[in-house]
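As a plain string of letters, each chain reads:
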Amino acid sequence: MKISYNQLKSYIDIDESPETIAELLTDLGLEVEGVETVGGIKGNLQGVVVGKVVECAKHPDADKLSLTKVDIGASKVLQIVCGAPNVRAGQKVAVATIGTTLYFSNGDTVKIKSGKIRGHVSEGMICAEDELGIGTDHNGIIVLDEHTPIGKPAIEVFKIDQDTVFEIGLTPNRSDATCHLGVAKDLAARLAVHHQYKKGVKLPDVAAFKVDNQSLTLPVRVEHAAGCPRYSGVSIAGVTVGESPDWLKQFLTKIGVRSINNIVDATNFVLHELGQPLHAFDLEAIKGRSIVVKTLPEGSVFQTLDGLDRKLTNEDLMICDGESNGMCIAGVFGGSKSGVKAETKNIFLESAHFHPKMLRRTGTRLGLHTDAKKIYEKGSDPNITVFALKRAALLITELAGGVIASEIVDIYPTPIAPQQIRVHFDKIESLIGLKIHKKDLKKIFKSLEMNLLEENEDSYLVSVPTNKADVLREADVIEEILRVYGFNHVPIPAGMKMTPAATENPDPYRVQQRVADALAAQGFNEMMALSLSKSKYYADNTLLNQTELVFINNTGNVDLDIMRPTMLFSALETVTHNQNRQQTDVRLFEFGKTYRQKTGGGQIETAHLSLTLTGQQRPENWLDKTNLKTDFFNLKAIVQQILGSLGIGGYQETALQGKQWAFGLKYHRGEAVLVEFGKVPFNCKRLFDVKQEVYFADFKWDTVLKAIKNTKIKFEEPSKYPVVRRDLALVVDESVRFADMAQIARKTCKQTMKEINLFDVFEDVVKLGAGKKSYAVSFIFEDKEKTLQEKEIEQMMSNLMRQYETQLGAVVRK
């Protein structure tokens, strides 16, 4: 079985190299027997680089030849004799250097050597499309963009699709790993258990599936329920059978599947993606306008797709039309008359679950070993047929047009439920030779999508997903545990004992010191307040309910009668202390804890990092007369710097509303809050007689540390190509936020949007109208593969303006 590395990455977020993935798959029991780097072109253009024709003159001894000097970024400029009519000085061209093997489009192979042509030395070859194997044009050499860097490998210029394909020796018991999604799930399970991978597997989106009409509804009758426990199907009208797009043909080629047409290729794609075989019938060839799943009489003759007549037994399951004519050997091979043809306009798409033993016997006896049969004989998942049907139908309508012309037919009289298997702890230790902790077992079961139904002192009761057809006994479940836990993690007794010292990752102290150093470098002072506070601050119940306060019996100072429930009041007390001593420009940070009562009893102790800003942005200076006051955006920038320095991204932004904030923002990941920050309201400042504006940030430090655990450091080579800036002035409603504009920009120009910045806001009722404001926004574009052309930039700006006009009702100021 062949698995594409690039395709795997569409289901699971992995940064590991193909070599690392191969090792992980082998450890999981999916033995990688071979790793092949493939591309869309033979030879991957090795030895072909970008060159610049610095000189071009007529060959003195040949009218149709040119004598050129070509710079390829090496120490020596090459002399190349070229026969192309369009070669000119100053051009950027593709140069095959000495020793390069070229694979021509017509099948010829040429190795470039140094030699003389009509008496002059030629040290390479300036290539045309067909000579590189990327096209059929031989009218002249390829002329590249003038900004293409000299010496750049041609494979990077032409962006030939490259991939790594794993050849996996799939064992007969792995019915759950017969496809890319199954392998991705296995890989995600291993990464979740050993590498804290949290994102799971991304399933294809079928939400767009809808029935357009019911003009081609076909009744289906299953007469052999034992051989076909579930049969699903849908009709699609108005398709156009043709060639598949390049991406689909390239994918199929990489995994060893021949491209046939867009309909058949779509079903093959879904088979290798989801592990669910499908079959498309020419609906007009279905006589009686109905489908019957049955066996035919002993000795019946059926002509298969390969044109051979095959004699059937009365045990061979068949898909028949309404007149009992065989159309397909169920799950094994299609018929010659009912398949999709070039003139086919309407199809019936089948997605079924067949009995593995019945199909294995039929396929083996007839000598047919198709990809579909290989999956069915291992045991397909009966509960994925409809999902796969929707996926394939959407793909077909995308590639071949047409509309969904019937409701989904789904005959499933006896649903197949997940197996329930009891696993004993002592049996696990006995078979594996290692005692695995219960929390690890639970993590493994969760990663394998095995639901924990019951837990007692000596065992678990788990349900096994229906895609694991071979997991039927306790020993089978233990084998699954060991696969994910890792054979290499089972220790070999060596008689040596040691106690390794382990530190928590990340080390909270080191992270705290790093953040503290960064804040101190920005002019912050660290404060350390008492963990005690005054209950009278909360007497009016506007900020916190009295039942949440943790009261203490403090005989030393009866006013400090509670453990502090918030970091804010400690900060405001410190601001007051500094204010009363003429220190009005204050920047403070504190690592500390807060304490609250739980609803059901007990206390909650939570770690925090607080930031406090008030006063002027910078000290008084004769050179700087601006005297700008600290504002919300100063605090926001610092908050983002801290999160960025810790490698935390991908968080959501929500506006804060509450009694603790005049206004503010919350950064969070789902329910997990990373930080809240904003302007402190007047009612809080009044308690401490603070006279100036105060801005406060409260990091939920425990959540921040958890987020760091999942952070991976990524390195990226600086771009070789220039950035491009464009400015835009937009009139929008007052309610429109810059964050909304930034989000639209990043979605519209995902690949090229490097930065977006708001550099001016203008409000004028006379010039703009009531309830309007003008945003002046700059956009920085960058393409890491090439220099952006003016036409491309204008197209992106047009798309941006159109999206702003459509989504925000914006008006572009000319």
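**Examining the overall build of the protein**
Here is step 1: Helices and strands together make up the secondary structure of the protein, namely 21 helices and 42 strands.
Here is step 2: With the C-alpha coordinates of the protein rotated into their principal frame, the extents come out at 100 × 90 × 75 Å.
Here is step 3: Burial status across the protein gives 47% buried among its 814 residues.
Here is step 4: Restricting to contacts in the protein with at least 6 residues of sequence separation, those with at least 24 account for 70%.
Here is step 5: Averaging the locations of the 100 positively and 103 negatively charged side chains of the protein gives two centres separated by 2 Å.

**Re helix H14 (residues 508-521)**
Because each turn of an α-helix spans 3.6 residues, side chains separated by three or four positions in sequence point in the same direction.
Here is step 1: If you check H14, its first and last C-alpha atoms are 20 Å apart, about what 14 residues at 1.5 Å a residue would give, namely 20 Å.
Here is step 2: For H14, the set of buried residues is Val511, Val515, Ala516 and Leu519. An end-on view of H14 places all buried positions within 130° of arc, on one side of the element. Relative to its buried face, H14 has exposed residues pointing more than 90 degrees away, namely Tyr509, Arg510, Asp517 and Ala521.

**Let's talk about the packing of helix H5 (residues 180-195) against helix H12 (residues 438-447)**
Two packed helices can be described by the angle between their axes and the distance between those axes.
Here is step 1: At their nearest, the axes of H5 and H12 sit 9 Å apart, and the two run at 155° to each other. When the axes of H5 and H12 are compared, the pair comes out roughly antiparallel. Crossing handedness for the pair H5 and H12: right-handed. Packed against H5, whose contacting residues are Ala189, Ala192 and Val193, the element H12 presents Lys443, Ile444 and Ser447 at the interface.
Here is step 2: By residue class, the composition of the contact of H5 with H12 is four nonpolar, one polar and one charged.

**Focus: the nonpolar core**
Here is step 1: Residues Leu349 and Val477 are the most contacted members of the largest nonpolar core, which totals 78 residues.
Here is step 2: Discounting chain neighbours no more than four positions away, the residues touching Val477 are Ile421, Val423, Phe445, Met450, Val462, Val464 and Val471.
Here is step 3: Ranked by size, the runner-up nonpolar core spans 34 residues in total, among them Leu216, Val293, Ile319 and Val409.

**What about the sheet that holds strand E21 (residues 326-329)?**
Here is step 1: With respect to topology, five strands assemble into an open sheet ordered E14-E17-E20-E21-E22, the strand pairing being mixed. The two strands at the open ends of the sheet, each matched to only one other strand, are strand E14 (220-222) and strand E22 (333-334).
Here is step 2: Across five bridges, the pairing between strand E17 (residues 291-295) and strand E20 (residues 317-321) is antiparallel. Bridged to Thr295 within E20 is Leu317.

**A few points about the pairing of strand E33 (residues 586-597)**
Here is step 1: As judged from the two bridges shared by strand E29 (residues 525-526) and E33, these two strands associate in the parallel manner. Bridged to Asn525 within E33 is Leu588.
Here is step 2: In the sheet, E33 pairs with strand E34 (residues 603-614) via 12 bridges, with the strands oriented antiparallel. Bridge pairing in E34 places Phe591 opposite Leu609.
Here is step 3: Linkage of E33 to E34, two consecutive antiparallel strands, is achieved through a turn of five residues, within which Gly601 is found at a positive phi near 110°.

**What about the side chain of Ser459?**
Here is step 1: Counting through the fold element by element, Ser459 comes out in strand E28 (residues 459-464).
Here is step 2: There is a polar contact of 2.9 Å between the side chain of Ser459 and the side chain of Arg422.
Here is step 3: The contact partners of Ser459, leaving out residues within four places of it in the chain, are Arg422, Val423, His424, Phe425 and Glu454.

**Details of the packing of aromatic side chains**
Here is step 1: Per the counting criterion, the structure on display carries 20 aromatic pairs.
Here is step 2: Between Phe425 and Tyr460 the ring centres are 4.8 Å apart and the planes differ by 85°, which places this aromatic pair in the edge-to-face class. Of this pair, Phe425 sits in helix H11 (residues 425-432) while Tyr460 sits in strand E28, and the two are 35 residues apart along the sequence.
Here is step 3: With relative accessibility at 17%, the residue Phe425 sits in the buried group.

Calculation rules
Residues numbered from 1 in each chain as written. Predicted model: local features only at pLDDT ≥ 70, side-chain atom pairs only at ≥ 80, totals over all residues. Heavy atoms only, no water. Helix = DSSP H or I, 4+ residues; strand = E, 2+ residues; numbered from the N terminus. Buried < 20%, exposed > 50% of the residue type's maximum accessible area, 1.4 Å probe, protein only. Contact = heavy atoms within 4.5 Å. Lys, Arg positive; Asp, Glu negative; His and termini not counted. Charge placed at Lys NZ, Arg CZ, Asp CG, Glu CD. Expected span 1.5 Å × (residues − 1). Arc of directions from axis to C-beta. Axes fitted to C-alpha atoms, helices over the stretch in contact; angles between N-to-C directions. Parallel < 35°, antiparallel > 145°, perpendicular 65-115°, else oblique. Left-handed = near helix turned anticlockwise from the far one by under 90°. Nonpolar A, V, L, I, M, F, W, Y, C, P; charged D, E, K, R; others polar. Core = buried A, V, L, I, M, F, W, Y, C linked by side-chain atoms within 4.5 Å. Pairing = 2+ DSSP bridges. Polar contact = N/O pair within 3.5 Å; in protein donor to acceptor, adjacent residues only side chain to side chain. Phe/Tyr/Trp six-rings, centres within 6.5 Å; stacked < 30°, edge-to-face > 60°.

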